[in-house]
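Topology and contacts: notes
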Amino acid sequence: MVEKITVGHVHLSGCTGCLVSFADNYEGLFKILDDYADLVYALTLVDVRQIPEMDVALVEGSVCLQDKSSVEEIREAREKAKIVVALGGCAAYGNITRFCRGGQWNQPQMESYVPIGELIDVDLYIPGCAPTPQQIRNVCIMAYLLLKGTDEQKELAGAYLKPLMDLAQRGDEACGCDLMYDVINQGLCMGCGSCAAACPVRAVSMEYGKPNIDRDLCIKCGACYAQCPRSFFNFDVMNEFEGISELIKGVME
Amino acid sequence: MVLGNYKSVVAARSTDNEILKGAQDGGIVTQLFAYALEEGIIDGAIVAGPSDEPWKPEPVIATSKAELLAARGTRYTLSPNISLLKEATRSYGLDRIGIVGTPCQMQAVRKAQLYPIGMRDVPDKIALAVGIFCMENFPYQGLEAMVEDHCNVKLESVKKLDIGKGKFWAYTERGAVAQIPLKVTHKYEQPGCHVCLDYVSNLADVSTGSVGAPDGWSTVFVRTKNGENAWSKAIGAGCFETKPIEEVKPGLDLVKKLATDKITKNQKTLDERATFGVGKGLRNPYL
């Protein structure tokens, strides 16, 4: 096995659900750590106090503007990591922390929570609340192939990761409304129901074959829009689904 | 690549008369799922089942042959089958999911497998994805207008709907047959269909449709290892009678023609979207 990549988990204002989801790869997590990635920083798992240099920073949670250390940490992560990944809805879109208005014991002044993209450039988004273990795993494998693979593997990994990189360029606001604005209003929805299946809080239901969003339930995690086949559809990758599924299965064995 | 990757293609129909009785054509989907259920290839299948309103499908998870039989036939209107994909692994606890859908729904299934953004634990549970040929789909009210206004037939009296020979057909319980030219139906198509470049469900494990095969038969493409596995076992068990596609009329040339027509027409729509406004365009979901 060639050298591993270095990965860190940077924990901002999140619930640790993203990290738990990463761990929910079970033995797959050990496989990743054994063969592909050294975990060089993770508050809950690794005894390292200062953010080190690393290839990939997986950032969980949004930034609290009133929390100095939180702001410093996201800046530091950007400086020290080659690739910054917004892991989950909070880091990518603010998610549930968007609704915070402060007043919580014992830091009542903490009221402004923003996705990391409002303070730094982000390379890649993994939306969802929590992001799925399988999606995190796929990004880990593809990031490894992109950095350490053969030319052919680099090309595949680049094609795979591109839509998630494009999401990071698209902006740091997302909610069920994106389905209206970017899919239905654009004449693209064909009523498959992916959005309804993807929603973690069941805010999306299908009415006469089109999504209906309960805005009071929507937490702005970005899963519905990202899961929609009409938000992005990548013929280079999806047409090879069988081979890629086998590749992923193969490297995880 | 008009017809996608496939390992084999045949004309086939179910050998089960009970299935054929209410089937659209060869009863392929119902028969294949019934066999896969019986053999444990799948634990259940997401299909377009009946609802309270006539000809308005509702996605359901079928775990018995009776439920599959109740879902036979084509509805020509939207059934958001993918909306149950994660639910099938949760409330129903399925480890091996069968799912039937249109080409765009097969695209959604494969995207869910490769980019499982909101689909926790779903990717490795898709055991058999059966795709159907599809030129376009209609919103329910569109279908209602076509059947009730244009064909002058009440939806609840309709026994079977069909598209073929350039016409849209409605057969009633009492034996009346109404038909209108497909040209009339075009304005009722849902807009999202006009950017789809797939006619024959390229990304399914097995895809099937009436076009190419004689009346009462279906054309069947076997596309993946999963598909091959299920199909060859079903053939071995005598579930289907088959004919080489080369020996039937109208054959693969017609499938190829329709698939090419769809790609050409819809690629044109995609191209036009780029300059739809003045110096502005609409989104292209494939870029």
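Parameters at a glance
Residues numbered from 1 in each chain as written. Chains lettered and ligands numbered in written order. Predicted model: local features only at pLDDT ≥ 70, side-chain atom pairs only at ≥ 80, totals over all residues. Heavy atoms only, no water. Helix = DSSP H or I, 4+ residues; strand = E, 2+ residues; numbered from the N terminus. Expected span 1.5 Å × (residues − 1). Buried < 20%, exposed > 50% of the residue type's maximum accessible area, 1.4 Å probe, protein only. Contact = heavy atoms within 4.5 Å. Buried area = accessible area lost by both parts, 1.4 Å probe. Salt bridge = Lys/Arg side-chain N within 4 Å of Asp/Glu carboxyl O. Polar contact = N/O pair within 3.5 Å; in protein donor to acceptor, adjacent residues only side chain to side chain. Nonpolar A, V, L, I, M, F, W, Y, C, P; charged D, E, K, R; others polar. Axes fitted to C-alpha atoms, helices over the stretch in contact; angles between N-to-C directions. Parallel < 35°, antiparallel > 145°, perpendicular 65-115°, else oblique. Left-handed = near helix turned anticlockwise from the far one by under 90°. Patch = residues over 30% accessible without salt bridge, like charges linked within 9 Å, V, L, I, M, F, W, Y side chains within 5 Å. Areas by Shrake-Rupley, 256 points an atom, 1.4 Å probe, with all protein chains shown as cover. Lys, Arg positive; Asp, Glu negative; His and termini not counted. Charge placed at Lys NZ, Arg CZ, Asp CG, Glu CD. Pairing = 2+ DSSP bridges.

With 16 residues, helix H5 (residues 133-148) of chain A should cover 22 Å at 1.5 Å per step; its first-to-last C-alpha distance of 22 Å lies within 8% of that length. In terms of residue burial, H5(A) counts as a mostly covered element, since 13 of its 16 residues are buried.

Another point: the environment of Ile116(A). All names here are of chain A. The residue isoleucine 116 is located in the loop between strand E6 (113-114) and strand E7 (124-126) in this model. For isoleucine 116, a relative accessible area of 0% corresponds to the buried category. Between the C-alpha atom of isoleucine 116 and that of glycine 94, which follows or precedes it by 22 residues, the distance is 8.2 Å. If we ignore the near neighbours within four places in the chain, the residues touching isoleucine 116 are Leu12, Val59, Gly61, Val63, Ile74, Val84, Ala86, Ala91 and Val122.

Attention now moves to the interface of chain B and chain A. The partner chain A presents 53 residues to the 47 residues of chain B that form the contact. Surface buried jointly by chain B and chain A totals about 4,300 Å² across both partners, of which 56% is contributed by carbon and sulfur atoms. Remark: the boundary between chain B and chain A carries 3 salt bridges. The salt bridge involving Glu246(A) is made with Lys225(B); its shortest N-O contact spans 2.9 Å. Linking chain B with chain A are 30 residue pairs in polar contact (both at pLDDT 80 or more), by the criterion used here. Elements that contribute at least two residues to the side of chain B that touches chain A include exactly helix H4 (85-90), helix H5 (103-114), helix H6 (140-150) and helix H8 (225-236) of chain B. Sort the elements by how many residues they give to the side of chain B that touches chain A and H5(B) lands first, with 9 residues. Residue composition of the side of chain B that touches chain A, grouped by class: 22 nonpolar, 13 polar and 12 charged.

This paragraph deals with the packing of H5(A) against helix H6 (residues 151-170) of chain A. All names here are of chain A. Interhelical geometry of H5 versus H6 gives an angle of 135° and a closest axis separation of 8 Å. Taken together, the axes of H5 and H6 are oblique relative to one another. Two packed elements cross with a definite hand, and for H5 against H6 that hand is left-handed. Residues Gln135, Asn138, Val139, Met142, Ala143, Leu145, Leu146 and Leu147 of H5 pack against Gln153, Lys154, Leu156, Ala157, Gly158, Tyr160, Leu161 and Leu164 of H6. When the residues that make up the contact of H5 with H6 are grouped by side-chain class, the tally is 11 nonpolar, 4 polar and 1 charged.

So, about a negative patch on the surface. Among the surface-exposed residues, Asp52(B), Glu53(B), Glu58(B), Glu144(B), Asp149(B) and Glu156(B) lie close enough to one another that they form a single negatively charged patch. Structurally, Glu156(B) can be placed in the loop between H6 and strand E6 (158-164).

Residues and elements named next belong to chain B. Counted residue by residue, strand E1 (residues 8-14) has 5 buried out of 7 residues, so it is predominantly covered. Here E1 runs beside strand E10 (residues 218-222); their pairing, made up of 5 bridges, is antiparallel. Note on E10: the bridge partner recorded for valine 10 is valine 220.

For the rest of this paragraph, the subject is the environment of Ala34(B). Note on placement: Ala34(B) falls in helix H2 (residues 28-39). With residues up to four places along the chain from it excluded, the contact list for Ala34(B) reads Lys65(B) and Leu68(B).

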